[in-house]
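# A look at the structure
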Amino acid sequence: MRKVDIESLLYCGVMGLVFGLVVILTIVIGRRKKTFAKSLFQSIGLAVLLYGMACLWWFSYVQDGLAQLFGVMIYGIAFAVNVLVNTGILYFAKKRFDKHTR
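All residue numbers here refer to positions counted from 1 along the written sequence of the relevant chain. A pLDDT threshold of at least 70 governs which residues receive local features in this predicted model, and a stricter bar of 80 or more applies before side-chain atom pairs are shown or counted, although totals over entire chains, interfaces and linings include all residues. Based on all heavy atoms of the structure, the side-chain values leave hydrogens and waters out of the count.

We call Phe, Tyr and Trp rings a pair once their centres come within 6.5 Å, taking the six-membered ring for Trp, and we label the pair stacked below 30 degrees between planes, edge-to-face above 60, and tilted otherwise. On inspection of all chains with the given rule, the structure shows eight aromatic pairs. When the ring of Y51 is compared with that of Y75, the centres are 6.4 Å apart and the planes differ by 65°; the resulting orientation is edge-to-face. Separated by 24 residues along the polypeptide, Y51 in helix α2 (residues 36–61) and Y75 in helix α3 (residues 65–101) bring together distant segments of the chain. Per residue, the accessibility class of Y51 equals that of Y75, and both read buried. Ring pairing ties together the aromatic residues Y11, Y51, W57, W58, Y61, Y75 and F79, which thus form one cluster. Labels follow the DSSP assignment, with helices taken as runs of H or I lasting at least four residues and strands as runs of E lasting at least two, numbered in each case from the N terminus. Throughout this description, buried means an accessible area under 20% of the type-specific maximum (1.4 Å probe, protein chains only), exposed means over 50%, and partly exposed covers the range between.

Among the secondary structure elements, L40 is positioned in helix α2. According to the relative accessible area criterion, L40 is buried, its value standing at 15%. Residues L40 and M73 lie 33 residues apart in sequence; the distance between their C-alpha atoms is 23 Å. By definition, residues are in contact when any of their heavy atoms lie within 4.5 Å. Once residues lying within four places of it in the same chain are set aside, the contact partners of L40 are T87 and L90.

Put into structure tokens, the structure is as follows:
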């Protein structure tokens, strides 16, 4: 395999891993917390932490400045999509939980 292929696999693999981990932990947090706002802020904080670590890893892994810039931009877009997905998950989970508690 070429070095570019390995870099692409690592980059997308880390992004997918972080995305999946944040979604799973959002579901766990949402089940344990009673309020929507607390669950949402904790899941966003977790996403900031994990995507921030992924960005730092990308900066240390790639030496080309342009690749660093585009990599961090794509991680930022993935972060925004992840926050929207987590908000939707929490909204529907809380709605379902409230319906079952009545």
